Structures are given as C-alpha cells and as structure tokens.
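Residues per chain, in single letters:
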Amino acid sequence: MDLKSRLEALRDENQQKIHHISDLDELNQVRVSLLGKKGPITEVLRGMRDLAPEERPKVGEFANQIKAELQANLQERRAALEAAMIQKRLEQETIDVTLPGDEVVAGTPHILQQIMDDVEEFFIGQGYQVIDGPEVEEDHYNFEMLNIPKDHPARDMQDTFYIDSQLLMRSQTSPVQARTLEKHDFSKGPLKMISPGRVYRRDTDDATHSHQFHQIEGLVIDRHITMADLKGTLLALAQHVFGAERKIRLRPSFFPFTEPSVEVDVSCFRCGGVGCAICKYSGWIEVLGAGMVHPNVLTAAGVDADVYGGFAFGLGPDRFAMLKYGIDDIRSFYQGDVRFLRQFQQEG
Amino acid sequence: MNVSYEWLKELVDVSVSPEELMDKVSRTGIEVDSVTRLGEGLKKVVVGKVASLRDHPDSDHLKIAMVDTGDDELRQIVCGAPNIEAGQTVVVALPGARIGGNEKIKRGKMRGVVSDGMICALQELGFSDAIAPKSFDAGIYVFDEPLTPGSDALAALGMDDAVLDFEITPNRADALGMRGVAWEVGATYGNKPHFTDQPVTETGKPVSDYLTATVADPTDAPAYQMRVVDNITIKDSPLWLQRRLWNAGVRPINNIVDVTNLIMLGYGQPLHAFDYAKLGSQEILVRRAKAGEALTTLDGNDHELDPDDIVITNGQQPVALAGVMGGLNSEITATTTTVVIESAMFAPTNIRKTALKYNLRSQASSRFEKGVDVGSINLALDEAARLMAELGDGTVATGTLSATAVKPEPTVVDISLDRINHVLGTSLDAATVTGIFEQLGFGVTEADGLFAVAVPTRRWDIHIEADLIEEVARIYGYDNLPNTLPTTTMTIGAFTPQQARLRRTRRLLEGLGLTQAITYSLVSDEQAGWFELTPSEQTAVAFPMTTDHSALRRNLLAGLIDAVQYNLARKQTDIALYEQGRVFPRSAGHSRPEENEYVAGVLTGNLLSKTWHQAAQAVDFYAVKGIVAHLLADFRLATPVQYLPLTTDAHLHPGQSAKLMLGGETIGLIGRLHPAFEQAEGLPATYVFELNLSALMKTDRAEVLAQPAPKFPAVTRDIAIQVAKTVDNATIEATIRAAGGKYLQSITLFDVYEGAHIAPGQKSLAYTLTYLNEAATLTDEQVTTAFDKVVAALQEHVGASIR
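All values reported here derive from a predicted model rather than from experimental measurement. (Residues numbered from 1 in each chain as written. Chains lettered and ligands numbered in written order. Predicted model: local features only at pLDDT ≥ 70, side-chain atom pairs only at ≥ 80, totals over all residues.)

## Description of the overall build of chain A
Along the backbone of chain A there are twelve helices and nine strands. For 348 residues, the compact-globule estimate of 2.2 N^0.38 gives 20 Å, and chain A exceeds it by more than 25% at 43 Å. Projecting the C-alpha coordinates of chain A onto the three principal axes gives extents of approximately 135 × 45 × 45 Å. Within chain A, buried positions represent 41% of all 348 residues. Long-range pairs, those at least 24 residues apart, make up 67% of the contacts in chain A with a sequence separation of at least 6. (Helix = DSSP H or I, 4+ residues; strand = E, 2+ residues; numbered from the N terminus. Rg over C-alpha atoms; globule rule 2.2 N^0.38 Å. Buried ≥ 20, exposed ≤ 12 C-beta atoms within 10 Å, placed from the backbone. Contact = placed C-beta atoms within 7 Å.)

This is the structure in structure tokens:
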C-alpha cells in the first residue's frame, strides 16, 4: 500500500473508533494515541523520506488533511459526549416545579387602615393636609365650637363617653377641625385638611354598633368655596374609592356644624344602580355626611364668616369597609381574628 | 313621625303614589324611611253583624254567633270573647283569610260545633298593644258605627292606608305635625296646602269663672294658654279619629285624651287636659318645683322633683310636669265632666332635662324640647276645644286664659342673589329664587338682587342666610348643582414626618410577618395598667357601658392578648399580630392624660410552619428581639438602645424579658409572658413587645454621610471563649469593643453553647471580629496585636478562658 492508501485506511479505521468512544477519558486517550508524536499518522509520515521529493508535499498535505479530519471528528465526538453528559445531568437534576415554594410570611394591614390610607393618599394628592388630634377631647372642641351648645337636642344624636365634666372621648373627629381652624392663618392661604382617627360613642356593641369606630372628616375654607366644589370633591372621592363609574346624589339632612347639610349616596357598586340586597333595592347607598360650614363654627374659631366659608364632610371607614366587602358584623374589625384580618391583601 | 297618606291628602294635593312621594320628599326635604300599611298581607277580613247569639252546649264560655257577613245566609262562628253581644258590628276573618302573624283561618269545629270563620280582636289583625284601643283590651273589637256587612273591614279600620315614616332631624321639628308635613310636601310639588279652621263656638260661662292662670317666670313658659270645656261625656272616640291615632302609632284612650293627641299630631302642638274637678282650686300656677316636692305622674310613678323642673300647680300642689307628663291627681277619667285644656310653649332645655331625668321622654316632650310654632298655639287650642265639645257633647267656656303669650310674627331674613350663587356655585336668576321662596310659602320681596324674606312662624328653624341658602338649594335640587373642585391658591399635600414614620413602621412590621390588629382603646380597669413602661395614673370614663371597656389603656398589649385568646378559642395557634395606636398615661395632678403613639406585637406558636421543605420555626425571645431590632435600626438612632433584664413586671417572665433603654428613658419592652399569667389566661408560650414611638420619634437621629466602599480588604479573626453563665453578651461585647482598637469594625456572635461538654456554671461563646483599615491594607502583625489585646481584656475583665 502506498502512503496515501495507508493514511486513508488509518482515517477510516479511526473514524469508526472515534464514533464509538463513550466517555471523555477514552476520547482523550484516543486523541493522544492517534495524533501524538508516537501515533500512527506520525508513523506513516516517517515513510515520506522514501518518496520522491516532488511527491512529499502532496503526501504531507494529504496527511495534514487526514489529521484535520480526525481532529474534527474528535471535536465533534467531544461535543456530542458533553451534550449527552449535560443532558444526563439535567435529567438527574430535574425537580417537581409544582411543589409549593417556601413560606414567606408577610403580615396584612388592617382593612380599616387600608381604607384610611387610601382616602388620605387621595386627599394628599388634592393638596390637603392630614391633621391628627387628641382622642381625649374637651367638651369645648367636641361640641361647643361645633355649634352644639350644652342641652342642644343634637347631643342626643351622639351619646358620649365623658371622663369628667370637661373631658370626653371624642365622639367625632371634627374637633380637630375646630382646633385647626382656630389656629390657621388665612393670610398664608386656604385651609384644606382631613382628620382621620378613632372616635367613641356610648353604644352597646352588636353587629351594627360599636363603642369605638373610625371617622375621616374633611374641611376646606377659603374665600370662594362653593357647594358645587363640595359636590365635585365628593364625586371624585366616591369614584376613587368605589369605582370610576359611580355617581353620587345629595339629600338634605341636618348637622349642627353645617348649613346646608346633606347626606350623600353613592350609586350601588354591587349592582351599578339597578337594585340589589346591598342597596336595599334602591340603587343607592348612603356613604357620608357633608355640608357648608355653619357661620357659627367659623365665628367661634375667630374666622370672619362674611369673608371666608367652605365645606366639611365626614365619612366612616368602618361603614365603607362593611359596604365594600360585605362585612356584616362591625365587631369583626376589633376582635383580631387572624383569618378575618389576613384575607384583605392590599389592593393596587 | 308616622304620616298617614289619607290624612295628608286632606291637607294638600298629592298626585303621586306614597312610594313616589317617599322618594321625592327624601331627595328634597325630609328622609322618609319606609312606607308601610297596617293591613299589609292581610286578606278576606270583612265587617260582620252579630244577628244572634246562643251558648255553646259543651262550653261554659264559648258562644255560637250567627253573623251577617253579607252572604245569602248567616254564618255560624264560635266565639270566646267575653264582650260579644248580639247586634254588634264586628271584624270577621272569613275562611281562607290571612290575619296577623301570617296566620290562616280555616273552617273548623270547636268542641263539636262548626265555626265558619273568626271574630277578631285588633291584636289578632296585627295591632300591637301600644296602639290597640284601651276599651277593647279584654275582647273583640266592636265598631261604634253601622257598617255594611261583608264590606272590607281593613278599609274601615284604615289598615289599607299607607303610613310614611318621616325621619325628622332636630332642625325640622316643624314637620312633627301633619300641617307642617303638608307644607313640606306642598313646597316639594308647588302645591299650596288647604287647611280648614272651623270657628270654635263659645256657649258656656266665661272661662274666668272657672279659674285663673299665672306663669311665675315667663322664660319658663313664654306662652301659656288655656280653655275650659264643660258638661263633657267621656266615651270612646269615633272610628275616624281612632283610625288616625293608631295609624300614627298612638293608642286611642277616650274622646278627650284622643283629641289632645290628634291635635298634637295635626298641629305639632302638644296639649294637656286636666280634670277641672280634681284640681281642687280655681287657680293654675306655672312655677319651678320646690326641692323634694312630690308628684305621681300618669304612669303611676312617684317622682321627687327639683328646681330645674317646671311644674303646673293648682296654686299649692303640682298637678303636672310641664310639657312632659300630667299628674295622676288631675287625670281625665270616665267621670270627668269639665276639662281644662293647656296649650303652651315651655323652655326647651328644662323640658329636655326633666324628661331625661325621670325617663319620661314622650311625643309631647320631644316636641317641646325642639320648639313649637308660636303661630299654632291658639289655633290648636281652639280646635281642641271645638272638637272636645263636639265629641263629648259639651260646651266651650267663653274666652281663653292667657297667662303668657308670644305674638306670632314672621322672621325677616335678608339675603342677596350674589350670596346665594356664591355659596352654591350656581348662577340662578332672581326670578328663580323668588319662585322658590314663594313655593315654600315664604313672603318675599326683591329689589336689585336683594331679597327680604318673611319666614312664617311655622319655620322657626330659619333665621340666618345659611338657612335660606339651604332652602333654595334643596328646592332647586342638589342634582342640579354643578360638580367642580375648589380653586384656591397653591396648597401642598404631604404627610408630616411623624405620619410618614407611623406608616413606615406599619409597613416594616407587615414585611416582618405581623398582621395589623386594631383593638379597643377602652379596656378593663385592671388591663389598663398592665405592662406600663413608666408608672402613671389611670383615666376612666364616667359611665362605661361595660366593665370590660371602662378605662383608657396605658398599653396596647392587653387588647392584643385578648385577640390571641379570641384566636385560640377558634383553634388558631400561630399568631403574629401588631397594633399601632395610642396609649393614655396620665401624670398625677393632671386631669387630662397624655396621648402617646405606641406599637406593640404579640406572637405565639410558629413563625414559620413546617412544610415539606422547611422545618417549623417556633417563636422565641430572640425571634421577637430580631423584629424589634430591625424596627429600631430603621430609626437610625444616634445612640444605641440598651437591653436590660426586666424582672419586675408581674405579667412577664422575669428571666426572659428585657426593657429597652434609650438615654435613661425606658422606651420599650420585649419578653415572654409570665408562665403563671399564661396559665391563668389559658395561653401557650406567648412573646410580646411594646415600643413608645412618640419617644423614639423625638430622639436624635444619626446623620447620614456617604462613605466610599472600602478600598482595602477586611480581615477577620474568630475567638471562642468560656465564661461564667452569669456573664452576659452585652458585657462581653462591650469588653471586646473597648479593647478592640481603631480597626475593629464589627463583632458577630456566631455560637453559644451551654451543656454537657462544658463545666457546670460555664458557657462558651464564639465571635468573629472584623478589622478594617480604610487607608491601607492591614498587616498580619497589626491584626494580631489588636486581637491579642482583646484576648487579654476578656481574660482580665470577664474571666474568660480562651478555647
């Protein structure tokens, strides 16, 4: 056989061999033994010295070609072996992705807190301040300053926890408004505020009454504040809290600190206004009270009622939550049942 | 106020159904809560005439009545009522009828005798005892007038009349009478009410022949008017009157009492009738009660009066509590022949206080305390006298006694069109506004956009501009107001740093796995003072509803422990709750408590429950301390908080509790509940923490200055030491830090061991010390020198042996 044929035979033989290599160690051995200095190709090339000088480059070139081919074969086999190994490893490492993940414990904000936070953020966005005030309040601010003098029949509407003749547990958050109004310097601009917080009334706790509940009351006073502004503000609030399609309607009512006074209904967010059990088939749900600030309240706080005026409103987060989520027992808010509390994952 | 639709239609034109009326009036004036009919759901109840009556052969009290119910033949009905008599016109429920309580009447037999229906008492038709006429307490109802047998008894009884429940707010006491309601409904629809005031015919002696009337202090009774009706016969009122009363929720008693009630319902003016013969004098004197003066009121209760009470006296003894309730000693009874009628106006505050004090709030007192229409005082009195004379076959004495009187004059309120539009945000024109005032029945004159509005006495709630603006707004219609937002100079809405911090604290705790609870601020006297960081005085409410909620809390934990118990009772054992709210400590000598923002948490059971992949992680002291430390780290306090053993709190485990000290002030606590307390309260191992956020928010913060990331590597050295068990970690760390040198960056405890492999009374701790030089690479020698100092210090100061 001539050199060329021997090289071809070497190639064919080793290509078979390479094809059957089953692991990388073997592949390394084959590579060293085949292409190394003591390998068969080198051996064949040693026979070149017997060739005519003009034949040598041709054979040399052919030998290099065979060598390259075999190298390529080895490389190809290596890639195949490595791919198979990775494949095997992946198979071994495959897990059940449907098994549950680790428990990451996160607590839940109270649903009343969520509603208060939501309303507060809404009004912050409208340029209001959030003002906190004392829960132990003076009769003076809780009643007198709000046009509810002693022995006023309106005091019947809210039976109050007195501590002594002057101090009481505030029955509403409006005393915060009276305090703020008294201090506000109108030369520095209008007053736009809300006051959220706990309030207390002498009620026997049952499904619909609680001696402790929450209120958010708002107050806007400036030179040119109208009842239309009140209506627009409450419409925006109702749509923010209860949905963009909501409508509101105002009905006459009575609160000592506003005149005119209105109660505000929102179109039912369950049925959209066609009538359902939530809205007692009226299409409307009463959600808050409001009105134009009574001149006596302004005067009591030392504000000139001929120049300044504005609106006030009050809403109950407890009532909002009960309506919005269909909660039928107000005591649930205060009992701390973790199953109740944890169901209200924060929205938005 | 129960408003009869039938009665209302006599006073004003109403062209809509009661339900439509309810909706409309609720939108423009006064909320109407419901429309009901006494006879709702009842059927086949007819008028019957008892033709004959015989005894039941097998009963000593049952009677067999043959009753004409308009059918071809008489109907046989067995009846047990003691007051049944032949010739009576009665109420019959026919077979197939549905009566009160949703009961169905069937043909049946009573002791062997067929009974083809039932003769009814009004209670059997659903009347409550509070409205069923007193005269028929013991039996069936008997009509006082002939009615056609077989005709609808429900209609005859007025039970098909719609009754609208007007929810009257304190400012609209004018609608506590049918005439006021008629004005309101009329204003809503633009219809003028039509009232008929029949003149009273005075045929008797001059009223001054009977008695005199005097008011000691006119501010107690600014108007006090009386009439006398003589030769009266007391009897039941006619059906039409009874009907009106029971549909208004008032019980018919007799013709005189019924007339006083009817007039009150009609005019809103409460009246009182005295039996002249029982007065025992010819004098009425209105004055304050003397301290300790006694009066037995009509309900039979004895009262000891005081000088805040206004009383009507016969010159000597009280005969009535003015405006609240009459005295038993001058009550109208069956033998009364001469009646003195009082129509008055009393000082509202006194009436209110007296009614509250003796628990005697009534339809009369609730009207007097809100005020009455001075224009109706004499109209009501005259109509009462006229009607009593008519219904009791009596005569009206000539003249009216007038002890005090108020001249009924309209109140004139001026207002400008600009003002109305300015407040409402509207652009109404003068004609529209004039039209609205006229629709309300107010006198109005307008010139150049200035209105002078003459408000009649019946609307005594109106006296300032704002009152008129409300009237314009509601009649114009709130729906017609535009929707706008306030346009003011710029205002910035932002949370205060404190508000932001409270929000952030809540978010952090939720992120750490605690769920927010809101518990009651009012707790029991005992709970209020639990877990106090600094002792303070208790503040309690004067009249608590229950002993569970009687005092202002000075800790948040008591409420949270209640919540834990609530959960445990419902088989919830893994609990991590926090509350952020106020506590109310009070300093001695102050009446007003402080209000401090606190946050507290309670944890029991597992923080993490066991899963296929995770071991359960039970709550312990260090888990809670980790939560607190994380929260405190967020405050970036300038000085660190110190944890000192807390052994003195009766509710906390003395070996597993710490108080948190900051600059000499106790700002919080962490601990396990005392095992004895846990046992008493039925609690498992429960851990708590409480922090005074108000104090923390006032504390100085560390400044934040940017530091470049270190350019040189840090070096760590570990040290394990053995010390007496009594040496605490804080002491060891302080020792290390003191001796650590300027390159010591941090100390990390990574192991604590006590037990079998160590000498009794000893423990082993292991720390990693991290050294860093910001300016150069630390050499081994530098670190070793520093480290050796620490070793020496530990040996010397805490008796450590190096392991």
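After that view, the rundown keeps rolling.
## Things to note about the pairing of strand 38 (residues 665–673) of chain B
All names here are of chain B. Counted residue by residue, strand 38 has seven buried out of nine residues, so it is predominantly covered. Across seven bridges, the pairing between strand 37 (residues 652–662) and strand 38 is antiparallel. From the neighbouring strand, L660 faces strand 38, where its bridge partner is G668. Both strand 38 and strand 39 (residues 686–692) contribute to a ladder of five bridges, which runs antiparallel. Within the sheet, the bridge partner assigned to R672 lies in strand 39 and is Y687. (Pairing = 2+ DSSP bridges.)

## Re the UniProt feature "binding site: Mg(2+)" (unreviewed entry) in chain A
Summarizing the sequence annotation, UniProt attributes the feature "binding site: Mg(2+)" (unreviewed entry) to E259(A) in the numbering used throughout. Mapped onto the fold, E259(A) is located in strand 7 (residues 258–267). Classification of E259(A) as buried rests on a count of 25 C-beta atoms within 10 Å. The residues touching E259(A), leaving out its near neighbours within four places in the chain, are G291(A), M292(A), H294(A), A466(B), D467(B) and E470(B). (UniProt positions renumbered as here; feature names shortened; annotations may be inferred.)

## With respect to the interface of chain A and chain B
Each partner contributes residues to the interface: chain A has 74 residues there, and chain B has 80 residues. Partitioned by chemical class, the residues of the side of chain A that touches chain B number 37 nonpolar, 20 polar and 17 charged. (Nonpolar A, V, L, I, M, F, W, Y, C, P; charged D, E, K, R; others polar.)

## Structural notes on the UniProt feature "domain: TRNA-binding" (unreviewed entry) in chain B
The feature "domain: TRNA-binding" (unreviewed entry), as given by UniProt, occupies residues 39–154 of chain B in the numbering adopted here. Annotated as residues 39–154 of chain B, this span is 2% helix and 41% strand, and its ends, taken at the C-alpha atoms, are 6 Å apart.

## Here's the deal with the domain arrangement of chain B
Each assigned domain of chain B is listed with its residue range as follows: domain 1 (2–32 + 164–189), domain 2 (43–156), domain 3 (202–404), domain 4 (412–480), domain 5 (497–698) and domain 6 (715–802). On a C-alpha basis, the centroid separation for the pair domain 3 of chain B and domain 6 of chain B is 94 Å. (Domains from an automatic or database assignment.)

## Focus: the sheet that holds strand 6 (residues 248–255) of chain A
All names here are of chain A. One open sheet accounts for seven strands, arranged 1-4-5-9-8-7-6; its pairing is mixed. In this open sheet, the two strands that pair with only one neighbour each are strand 1 (129–130) and strand 6. Pairing of strand 7 with strand 8 (residues 284–293) involves eight bridges; the strand directions are antiparallel. What sits directly across from V262, in strand 8, is A290.

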